[in-house]
Amino acid sequence: MFLGSVLAAFGAVSAFVQFVGQLYPRAVSRPGMVLAASAALCLAWGLARARPQSAVRQEFRRPAMTVVVEEGDLFDQPGHLVVGFTDTFDTRVDDGVVINDGSVQGQLLARRYDGDAPRLDAELAAALHGVAPLARESARDKPRGKRDRYPIGTVATLGSRPRLVFAVAYSRMGNDCVASSSVHDLWFGLDRLWDAVHRHAQLERVTMPLTGAGLARLHDLDEDSLLRLILLSFVAHSWERTVCRELRVLVRPGELGRIDLQETGAFLATLAAGARRHV
């Protein structure tokens, strides 16, 4: 990346110097200084291009909204959050088997609910009231955790404004307490998520993690592809009706090195141009 940028810049500068030299010979009468200045300029350009990005921001005119992708801690953010759940909406972290305490769900319990699992369970039960479970596992088949299974795409809206949590079921909890998902399940879950955000967030800022990159075992997509799927889903849904004024996708520090933010920026710019044509 660095060498390629330097060579590209050197070619452009050389062409420019030759052009200027033909028009203004005196401007290039001291080749040593010209060469040194050109080399410094090329090196500076190469360093600037090679320096890793830590954030991407794209403004959309129609609809009027902003999309940001950056490194950060989900639970340090103000406003509404998105947290992925399984179809059983399990919350138990005490044995480290059902829910990993280092997962986004585990952090939700620890940092938004101060480890109070009964309070989180009560809010989930209230939010899911009126949603009919698809099935109920037996204690023999699923001895740990919850046993009611809800449809993929079910969204439980927790808390109150301005700090709602959109708990979206996009993966299936196996009876062995191993979660799994698919591209279809994630896309369907995102579709239902944007509907819920449209209804409840009142266009306020929403922050979400790189949903699907953790323990849901979504092996079909790498982090770059997963991020693009989330962004495409959000923008496509926003073409139909505004979801929120700002979406932030937060990437964990360990995941950032596996994402090409320059390509992400180009992808968002393409979506923004497409949004203008769509309208």
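Owing to the predicted nature of the structure, the values given are computational and were not obtained by experimental measurement.

## Details of empty space enclosed by the protein
Part 1: Within this structure, the stated rule accounts for 1 cavity of 30 Å³ or more.
Part 2: Counted as a void, the largest cavity has a volume near 30 Å³.
Part 3: Lining the largest cavity are Val82, Val168, Tyr170, Leu186, Gly189, Leu190, Leu193, Met208 and Thr211.
Part 4: No other element matches helix H5 (residues 183-200), which puts 4 residues into the lining of the largest cavity.
Part 5: When the residues that make up the lining of the largest cavity are grouped by side-chain class, the tally is 7 nonpolar, 2 polar and no charged.

## Examining the environment of Thr242
Part 1: Assignment of secondary structure puts Thr242 in the loop between helix H6 (223-240) and strand S10 (246-251).
Part 2: Among residues more than four places away in sequence, those in contact with Thr242 are Pro63, His198 and Leu203.

## Some thoughts on the nonpolar core
Part 1: Phe166 and Phe234 are the most contacted members of the largest nonpolar core, which totals 40 residues.
Part 2: When contributions to this core are tallied by element, the ones reaching two or more residues are strand S1 (55-60), strand S2 (65-71), strand S7 (165-173), H5, strand S9 (206-209), H6, S10 and helix H8 (261-278).
Part 3: In terms of residue count, the dominant contributor to this core is H6 (7 residues).
Part 4: Phe234 has contacts with Met65, Val67, Trp194, Val243, Cys244 and Leu247, leaving out every residue within four places of it along the chain.
Part 5: In terms of nonpolar packing, the next biggest core, distinct from the first, is built from 19 residues, Val104, Leu120, Ala156 and Leu158 among them.

## Considerations on the confidence of the model for the protein
Part 1: Chain-level pLDDT for the protein is 83 on average; 77% of the residues reach the 70-or-more range.
Part 2: Element-level mean pLDDT values for the protein span from 49 in helix H1 (residues 2-23) up to 98 in strand S6 (residues 155-158).

## Re the pairing of S7
Part 1: S7 sits mainly inside the fold: 8 of its 9 residues count as buried.
Part 2: Summarising the sheet, strand S3 (residues 80-86) and S7 pair through 6 bridges and their orientation is parallel. Among the inter-strand pairings, Thr86 is bridged to a residue of S7, identified as Ser171.
Part 3: Bridge count for S6 against S7 is 4 bridges, and the pairing is antiparallel. Residue pairing across strands places Leu158 opposite Val165, the latter belonging to S7.
Part 4: The hairpin turn running from S6 into S7, its antiparallel successor, is 6 residues long, and Gly159 in that turn takes a positive phi close to 80 degrees.

## Section: the packing of H5 against H6
Part 1: H6 packs onto H5 with a crossing angle of 40 degrees between their chain directions and a minimal axis gap of 10 Å. Classified by chirality, the crossing of H6 by H5 is right-handed. Facing Val183, Leu186, Trp187, Leu190, Asp191, Trp194 and Asp195 of H5, the residues of H6 in contact are Leu226, Leu229, Ile230, Leu232, Ser233, Phe234 and His237.
Part 2: Of the residues contributing to the contact of H5 with H6, the split by class is 10 nonpolar, 2 polar and 2 charged.

## Some words on the pattern of salt bridges
Part 1: All told, the structure shown has 19 salt bridges when counted by the stated rule.
Part 2: Residue Asp87 pairs with Arg149 through a salt bridge whose shortest N-O separation is 2.9 Å. With Asp87 in the loop between S3 and helix H3 (104-111) and Arg149 in strand S5 (residues 148-149), this residue pair connects regions lying 62 residues apart in the sequence.
Part 3: One network of salt bridges, with partners in common, ties together Asp87, Glu137, Arg149 and Arg172.

Definitions and cut-offs
Residues numbered from 1 in each chain as written. Predicted model: local features only at pLDDT ≥ 70, side-chain atom pairs only at ≥ 80, totals over all residues. Heavy atoms only, no water. 1 Å grid on protein atoms, 1.4 Å probe; cavity = no way out; pocket = protein on both sides within 12 Å on 5 of 7 lines; lining within 4 Å. Points joined across faces, edges and corners; volume = space filled by probe spheres on them. Helix = DSSP H or I, 4+ residues; strand = E, 2+ residues; numbered from the N terminus. Nonpolar A, V, L, I, M, F, W, Y, C, P; charged D, E, K, R; others polar. Contact = heavy atoms within 4.5 Å. Core = buried A, V, L, I, M, F, W, Y, C linked by side-chain atoms within 4.5 Å. Buried < 20%, exposed > 50% of the residue type's maximum accessible area, 1.4 Å probe, protein only. pLDDT = per-residue confidence, 0-100. Pairing = 2+ DSSP bridges. Axes fitted to C-alpha atoms, helices over the stretch in contact; angles between N-to-C directions. Left-handed = near helix turned anticlockwise from the far one by under 90°. Salt bridge = Lys/Arg side-chain N within 4 Å of Asp/Glu carboxyl O.

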